[in-house]
Amino acid sequence: MISKWIGKRVVMGIIVLFIVSFLSFFIMHAAPGDPATAFYGGNAQTLNAAEKERISRVFSLDRPVIVQYGAWLWETVQGNFGYSSKEGRPVSVILFERLPNTLLLFSVTMFFIIVGSIWLGTVAGMKAGSMWDKGLSTISIASSSIPPFWLGILFISFFSVKLGILPSSGTEDVGGDGGLMDKIRHLIMPAAVIILTHVGIYARFLQESIKTESNKYYVLVARANGVAKREIQKGILRNASIPYLNYIGMTIPSFFGGAVIVESLFSWAGLGQLMVKAVMTKDFPLIMGGILSIGLLVVSSLLIIDLVMYGVDPKLRKGAYSK
Amino acid sequence: MLLTVENVSKSYRKGNKVLRDIDLSVGEGEIVGLIGESGSGKSTLSRLIMQLEAPETGVISFNGTPVTKRLRKTFYEDCQLVFQNASAALNPSWTVREILMEPLRNSEGDRAAHIRDMLGSVKLTDAHLNRRPSELSGGERQRVNLLRSILVNPKLLVCDEIVSSLDRLIQREIIDLLIELNRETGMAMLFISHDLQVVEYICDRIYIMKDGKIVEESVKVDGEFEFSHTYSKKLFGSMFSRGLV
Amino acid sequence: MLNVDRLTIEIDGKCVVEESAFSVRPGKITSIIGESGSGKSMTIAALLTILPLGAKATGHALFNGRNLLDASKKEMDAIRKTHIFTIFQDAANSFNPSVKMERQLYTFSGGRRGDTVQQFRTKMTGLLDELELSVDILKQYPFELSGGMLQRCMIACALYVAPDLLIADEPTSSLDRVLQKEFIELLKRLNEEQGTTILLITHDLDVVVEVAHEMVVMQAGKVVETGSVATIFKQPGHPYTKRLLDSRF
Amino acid sequence: MKSRKSLAFWCVVLGLIVAMTVFAGLFSTYGPNEMDMDTIYQPPGKGHVLGTDHLGRDVFSRLLEGGKVTLTVAGVSVILSFIIGVLYGGISGYIGGAVDVIMMRFLEALITIPSLILILAFQAFMQGGMWSMALIIGVTGWLVTARIVRSEFIRLKEAEFVKMAKMFGTPMWKIIFGHLLRNSVPAIFVVTLVNFTGAVFIEVSLSFLGIGVPSAIPSWGNMLFYAQNDILIGAWWIGLFPGIMIFLTILAINFIGEVLKDPRRRRLDA
Amino acid sequence: MKKEENNVQTKESRLVYASESEFEGLNPILEETNLDALLFRGLMRFDQNNKASTDVAESYTVSPDQLTYTFVIKDNIKFHDGKLLTADDFIFTIESILDDKNASFLKADFTEVDSVTKIDDHKLVLKLKHPFAPILDKLTVPILPKHAFENVDMRKAEFNSHPIGAGPYMFDKWDRGTSLTLKAYANFHGTKPSIEKVIFKFIPDSNVRALQLKSGEVDMTLLDPVQVEELEKEKNIKIYAIESADYRGILFNMNKDLWKDVDVRRAFSYATDRTQIVKGILKGYGTEAYSPLQKHAFNNENVEKYVYDIKKAKELLDGAGWKEGQDGFRYKNGDKLAFTITAPVSDTVRVNMANYTAEGFKKIGADVKVDALDWSAITIEETEAFMVGWGSPYDANQHTHILFHTNQSSLTSSGYNFGSYSNAKVDELLDKGRLTTDPEQRKVIYMKFQEELAKDPAFDFIAYEDAVYGINKNLGGVKERILGHHGSGFLWNVEEWKWNDQ
Ligand SMILES: Nc1ncnc2c1ncn2[C@@H]1O[C@H](COP(=O)(O)OP(=O)(O)OP(=O)(O)O)[C@@H](O)[C@H]1O
Ligand SMILES: Nc1ncnc2c1ncn2[C@@H]1O[C@H](COP(=O)(O)OP(=O)(O)OP(=O)(O)O)[C@@H](O)[C@H]1O
Ligand SMILES: [Mg+2]
Ligand SMILES: [Mg+2]
Ligand code: NI
């Protein structure tokens, strides 16, 4: 049952990646000029022979576009993303350098957002009518209305310029020991910006789910029949977590999008900053690689969420939604 | 016969027949009941009659001619359906006036006056015309729903559980209204319900349905129905004794 | 057993139940009847102190001499847990969809009385058997069962705990006739065999006639008539009651 | 009652912002690009209400002009995404069947790609003016609208009043507009509001990264982009006011959306 | 506790330099970087007065006909990898520069070299085709180790990302995109460096650089003029505003028809308000520019300076047939007087100058846009007008021949004449100036060159920009001298620098 279901999800993910790859190929093809100059612009003459050969082989213009796409996809699936037109190094190598930083930022922020929003949302949701309940929705709307980069600027001007206690950019101190403390110091501000601008909405979503759930008939029935409060709350939380998880899944793409800006602001050497750089320098091979790898990241995070959902939602396990 | 349903079957999933060889007819001016427990296929049959879905086998004829795609338009002029859930059958963002105008799109004459005339017959007033469905009570909604269908003066009205979710008091009002309409205009009705008392009260003849099959047909004799099939007996046996009255 | 006097319920300043008074005698089946929105469910909610946010109940509701309306949270929890059991109209939605039936039935029955899961299992199996339900349902989720089955599960719990007072809020409206009849039979049995006091809310006069000993008629938030079923049916005092009786088919 | 009041309040705030920017010419005291090397980095005060920037331009005038640009980009892109979304979702939902399945799979894939990343990719070779920016945001912003329209259409298509309409012989266009679309309005409206905030966010973000509207055109994002250089100098007013404007605009829309999202205000659920 | 100790210790021995741009490679004959002075040494070296004096060379003699130079190389100089630096290495360097395969940007500097011959390991003879005065300046070129290039294509050599030189600092590690670290070279032949590590941190954003200087994350950086006032208040920062030969101007791309008419170029030169720019954008850290040799001994004061004059500019445009239309903009044959100035987005000063001049050009009816792009997205040959920056404090030939000579058009050679500027008189003067040795004569030639260039401007010269460095106050040993383009050369004596708080 579960393997079948996972299989289905993986197939879906692959279809998604397929379309993503098609899109990124299409975008590149829409770029002006023949592929070699479109990809490598003024740097075409410094290309190495193997890459030149690859480009002329894959993108030979006398072949129909769909064949070119197939050839390109085949190369890409094998991990050959071409060479960065700016740095001349293989795109895959560059992407791999950036991946740990993005994953670090993503997992740390996601962790705190989830923990924070579960805590806030539960407290606010369970205590209907309390200060928490009323305050949270206003605060969460307000916090989600702050452009993250603006908050970032404020942070920098306060913590870096005014107090000088946190580094304003980078992933680690240059020439430092690269130790854990150093990493954390650099991580604090970018992570805090993302967390602060997001945790409110997630908390609020959970709060609303809990409130909706608390008004469900079965809660009333349980209360009327003297079921213990803790028991009831556990049940509520479990059900409220289903739409909450769904919401996390839905917002993951935009989450990755938002990270682009924060990464750029804090010069956090992750995939997002890389993408911005690639766009500014019109480094097309890198852009294509970036889109694909972010697509892959999104799809795999969604898969993880799906798995969690599978564990939480019995209706999924029993296939009750298919009807 | 006004409406004849012959040999009609329908299934949604392979091997799972929702309707099996249904034969049924409604004469002019007749009120025919169709009873059966939940899930026995009553609504499905009504949708088939109204050509909202196509039957797998069988023929549905109106006035002796099978209803085809081409004839559908004229068929709808003579035959109308009233859904069980009035809230869902009325466009929530239209006013009652707009809703009542909809079936009259192509008719000539003073449509507004026609509506005003008819409004009284379902005990609604002009004041209701400017409201939206959400501003009406359940009974009022069902009356608007009913009125809209009878505005075009159909010869046959198919009512799918139109009173089941209403209060007894309102139920009674609407049922009496239907009987009155039947008397005055000779409009025939196919009255679908699972409420035995109501059916017993309003119908001249009833069909009893179980698991997609019509198991029995019975005609009212001296205000009573006679049954031979065991299921019908069980069904009517489960009516509460009239007790005390 | 239960004496309600001058019960008034306000929601956001709007009066939904006004100065109502009635009583439930031990060992009897009392029925509240009234049209939709007349305040029947609100009255029950007030008795169980599960009124929605913003609602306020005043007056007296003496349960075995204890006023439920000013009972502390703890006391109320205890009363709800030990003396009263409530069956609600919508059985399909009365269970948490993502918790297995066994767990839920346990919290509704065995858990209330402090039985161990083992004890619960043996006793419940017997009850389910009696109600023509398979034991397998314990391993299933609510959404895998039909409304009728779920309603019978609720009844099983009621039979299990054998409460002093059983409240049933329109328990039959979502059932079809055959099931309705069966359910009413069960209520009768519970009352006759275990002597359970029952407060039955309905809008169906036929049901009242079938099972109730006494009846309370409500209209627009007011109790307009109380008395034994037989007398009221013979001589309805209030014009509204008369209309109700007339509306029967 | 409370929600009504807050709705009115935020509508007024939004209205003020829009009016100020639309009629920027009337309110602003200087040309948005008027430079004066004698008055650079003047703090807010006489002459320049909100001070001047590094080229001696009046921050207030630029704020209004920038708002015009930002809101125009957002507005145009939202209209565009609205049209595409309604068409795509409408076709998918109305036709249904295999067409729907294919269109939805495609949509799901698109939703998986962070739209900002897509926009970035487009920017790589479309970098140009304000309009191309609006075009790109519009072309990538219709996904959620389409999904909502589709689900509304599917829900409403099965609604009994639509079936009744068919029986009354109501023509298709009237069914689509009068029944389906009209009843989707509340949902579409809310998602369009959300899209609008999204579009504002994207415009300011891209401009903030220096790859949005051309630097010579003032927009809130652009102003913030340059304001980064002024933090250190202590010229807080250059970055603060555009930030506040963005914040207020989005806040107002969010609060309006919040009130409208409230099911009690939605007739459909009645 | 431990952490603090650590901090103090690292602070003592390292210098972090915030650099705007990263480089593609570190081969000094393929790309010019400000690391060259640290990593490499040449036969000659510029001293504090920007005069070439001996360095790797022990001594040299010049033949009376000025065609033969004989050099003696110090015999104890070792490359960072321990190999001895010999005449062979120098010969290899010159040959590599002249080898077309390597497309060295320095080739034009050495075209006058006829031959280089090794006498022995530490003695060599360099022969010129013609007497060529700047040759000693040119011989400051870094010497490459021949052994590092055996059997490899120079453009692809490992050396380019892991250089080996004979300078005071040697390569340590390079974190692409973040930083590059050099460490002190113990066997350096000159003053032994006191600071152990020099780290180049790549921060494109000038604001971030200033921020990090303030917070102490970096020890020195080039500042934007507007940042000075604020940073001056900081206790731990010392500001060096150093006069430099670094000018900014708008390059007219002669491939655009608009610029073919010299009067149009002159009109725009008149319409540029340099005084305001120096005052507002450079905050006084600079001077108005009119010539590429203004900071040079050969400066010609008497050329046309294009002092701000809108009226003249309008007259010139009128004369050139650009007539004002209804909308206030000028038109000629239906074409609008419009163009775009491109500027590198990371260089705020240039972007500001572009924006300010563009706005000012509206006054003469020109619709001028500004495109601020990333460096790598800019192809100067393809722009209509570009905000350039050049200037050299050294020989007059430097940054003139390569910029203005027809043969140096970037379209046809490896020169830096990006606008394909071509003027026969200028060409002739530049050629003559190169080959003349008599200083007095050269002065006359270059004065004449400046006059001709002013008449037919290739650039709209805007301003010389002082190099304003912000430096950690505790850093000692800094010696000022007139700096080059982008304030380059500031690190020229870094081996003498030290931390005062040691
Ligand atoms: N669109 C459909 N797709 C699949 N199965 C359907 C569909 N519509 C109805 N059914 C099935 O057909 C059977 C008959 O349904 P129908 O709605 O006709 O019953 P009914 O007699 O009207 O019941 P009720 O009294 O509850 O209204 C049911 O088992 C139902 O599950
Ligand atoms: N949560 C609530 N907030 C505000 N008013 C409510 C709420 N719940 C119920 N009411 C109102 O209280 C009144 C009484 O409702 P109640 O549910 O008691 O009616 P009822 O007699 O149980 O009707 P039914 O037979 O439909 O169940 C109604 O007018 C209803 O509109
Ligand atoms: Mg039905
Ligand atoms: Mg109720
Ligand atoms: Ni330069």
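Per an unreviewed UniProt entry, the recorded name for chain B is ABC-type dipeptide/oligopeptide/nickel transport system ATPase subunit, and the organism is Sporosarcina limicola. What UniProt records for chain B under Sequence similarities (unreviewed entry) is the sentence "Belongs to the ABC transporter superfamily."

A. Looking closely at the overall build of chain B. Assigned secondary structure in chain B consists of nine helices and 10 strands. Rg of the C-alpha trace for chain B: 18 Å, near the compact-globule value of 18 Å for 245 residues, within the 12% margin. Along the longest, intermediate and shortest principal axes, the C-alpha atoms of chain B span 55 × 50 × 30 Å. Taken across its 245 residues, chain B has 54% of its residues classed as buried. Within chain B, residue pairs in contact and separated by at least 24 positions form 67% of the contacts whose partners lie at least 6 positions apart. Distance from the positive charge centre (32 side chains) to the negative charge centre (34 side chains) of chain B: 6 Å.

B. Region of interest: the sheet that holds strand S15 (residues 323–324) of chain E. All names here are of chain E. The strand order S15-S16-S17 describes an open sheet built from three strands, whose pairing is antiparallel. Either end of the sheet is taken by a strand with one partner, and the two such strands are S15 and strand S17 (335–336). Where S15 and strand S16 (residues 330–332) come together, two bridges link them in antiparallel fashion. If you follow Lys323 over to S16, its bridge partner there is Tyr331.

C. Seen up close, the interface of chain D and chain A. With 40 residues of chain D at the interface, the matching set in chain A holds 42 residues. The largest contributions to the chain D side of the interface with chain A come from Thr112(D), Ile117(D) and Phe125(D), which together make up 16% of the buried area. On the surface where chain D and chain A come into contact, there are one salt bridge. For the salt bridge of Glu258(D) with Arg204(A), the shortest nitrogen-to-oxygen distance reads 2.2 Å. Counting the contacts that link chain D with chain A gives three residue pairs in polar contact (both at pLDDT 80 or more). Sorting the residues of the side of chain D that touches chain A by element identifies helix H4 (97–112), helix H5 (115–126), helix H9 (172–209), helix H10 (220–231) and helix H11 (236–261) of chain D as the ones contributing at least two each. Classifying every residue of the side of chain D that touches chain A by side-chain character gives 28 nonpolar, eight polar and four charged.

D. Structural detail: unusual backbone geometry. Residue and element names in this part refer to chain E. Of note, Tyr306 is a non-glycine position whose phi angle comes to about 50°, a positive value. Following the sequence through the fold, Tyr306 ends up in the loop between strand S14 (286–288) and helix H9 (310–319). Classification of Tyr306 by relative accessible area gives buried; the value is 6%. The backbone of His399 sits at a positive phi, close to 55°, despite the residue not being glycine. For His399, the position within the fold is in the loop between strand S20 (385–390) and helix H11 (401–404).

E. Region of interest: the arrangement of the chains. There are six pairs of chains in contact here; the most contacts are made by chains A and D. Nothing in chain A touches chain B; the tightest C-alpha to C-alpha distance between them is still 12 Å. Contact between chain B and chain E is absent, and the least distance between their C-alpha atoms amounts to 51 Å.

F. Structural view of the site of ligand 1. Residue and element names in this part refer to chain B. The full set of residues close to ligand 1 is Tyr12, Val18, Glu37, Ser38, Gly39, Ser40, Gly41, Lys42, Ser43, Thr44, Arg47 and Glu161. Contact between ligand 1 and Lys42: an oxygen atom at 2.9 Å from a side-chain N or O atom of the residue. The separation between an oxygen atom of ligand 1 and a polar side-chain atom of Ser43 is 2.6 Å. With four residues, helix H1 (residues 42–49) is the largest single contributor of residues to the shell around ligand 1.

G. Looking closely at the pattern of salt bridges. Counted according to the given criterion, the structure contains 65 salt bridges over all chains. Residue Arg189(C) is joined to Glu193(C) by a salt bridge in which the shortest nitrogen-to-oxygen separation is 3.5 Å. Here Arg189(C) and its partner Glu193(C) are both found in helix H7 (residues 177–194), four residues apart, which amounts to about one turn of the helix. One network of salt bridges, with partners in common, ties together Lys425(E), Lys448(E), Glu451(E), Glu452(E) and Lys455(E).

H. Spatial organisation of a nonpolar patch on the surface. Residue and element names in this part refer to chain D. On the surface, a nonpolar cluster with roughly 620 Å² of combined accessible area is contributed by Ile79, Phe82, Ile83, Leu87, Ile91, Ile95 and Val99. The element best represented in the nonpolar patch is helix H3 (residues 59–95), accounting for six residues. You can see Ile79 is positioned in helix H3. The class of Ile79 is exposed, set by a relative accessible area of 53%.

I. Broad picture of the interface of chain A and chain C. Listed by partner, the interface residues are 21 residues for chain A and 25 residues for chain C. Summed over both partners, the interface of chain A with chain C buries about 2,100 Å², with 61% contributed by carbon and sulfur atoms. Taken as a group, Tyr217(A), Ala224(A) and Asn225(A) account for 28% of the area that chain A buries against chain C, more than any other trio of residues on that side. Connecting chain A to chain C are one salt bridge. Here Glu231(A) makes a salt bridge to Arg103(C), at a shortest N to O gap of 2.9 Å.

J. Region of interest: the sheet that holds strand S5 (residues 65–66) of chain B. All names here are of chain B. Spatially, the four strands line up as an open sheet ordered S2-S1-S4-S5, and their pairing is antiparallel. With one partner strand each, in any of the chains shown, strand S2 (16–26) and S5 form the two edges of the open sheet. Across two bridges, strand S4 (residues 57–62) lies against S5 in antiparallel orientation. Within the sheet, the bridge partner assigned to Ser61 lies in S5 and is Pro66. Its contacts with the sheet put H1 on strand S1 (3–13), S2 and S4, and the angle it makes with S1 is roughly 120°.

Cut-off values and rules
Residues numbered from 1 in each chain as written. Chains lettered and ligands numbered in written order. Predicted model: local features only at pLDDT ≥ 70, side-chain atom pairs only at ≥ 80, totals over all residues. Heavy atoms only, no water. UniProt positions renumbered as here; feature names shortened; annotations may be inferred. Helix = DSSP H or I, 4+ residues; strand = E, 2+ residues; numbered from the N terminus. Rg over C-alpha atoms; globule rule 2.2 N^0.38 Å. Buried < 20%, exposed > 50% of the residue type's maximum accessible area, 1.4 Å probe, protein only. Contact = heavy atoms within 4.5 Å. Lys, Arg positive; Asp, Glu negative; His and termini not counted. Charge placed at Lys NZ, Arg CZ, Asp CG, Glu CD. Pairing = 2+ DSSP bridges. Buried area = accessible area lost by both parts, 1.4 Å probe. Salt bridge = Lys/Arg side-chain N within 4 Å of Asp/Glu carboxyl O. Polar contact = N/O pair within 3.5 Å; in protein donor to acceptor, adjacent residues only side chain to side chain. Nonpolar A, V, L, I, M, F, W, Y, C, P; charged D, E, K, R; others polar. Near = heavy atom within 4 Å. Patch = residues over 30% accessible without salt bridge, like charges linked within 9 Å, V, L, I, M, F, W, Y side chains within 5 Å. Areas by Shrake-Rupley, 256 points an atom, 1.4 Å probe, with all protein chains shown as cover. Axes fitted to C-alpha atoms, helices over the stretch in contact; angles between N-to-C directions.

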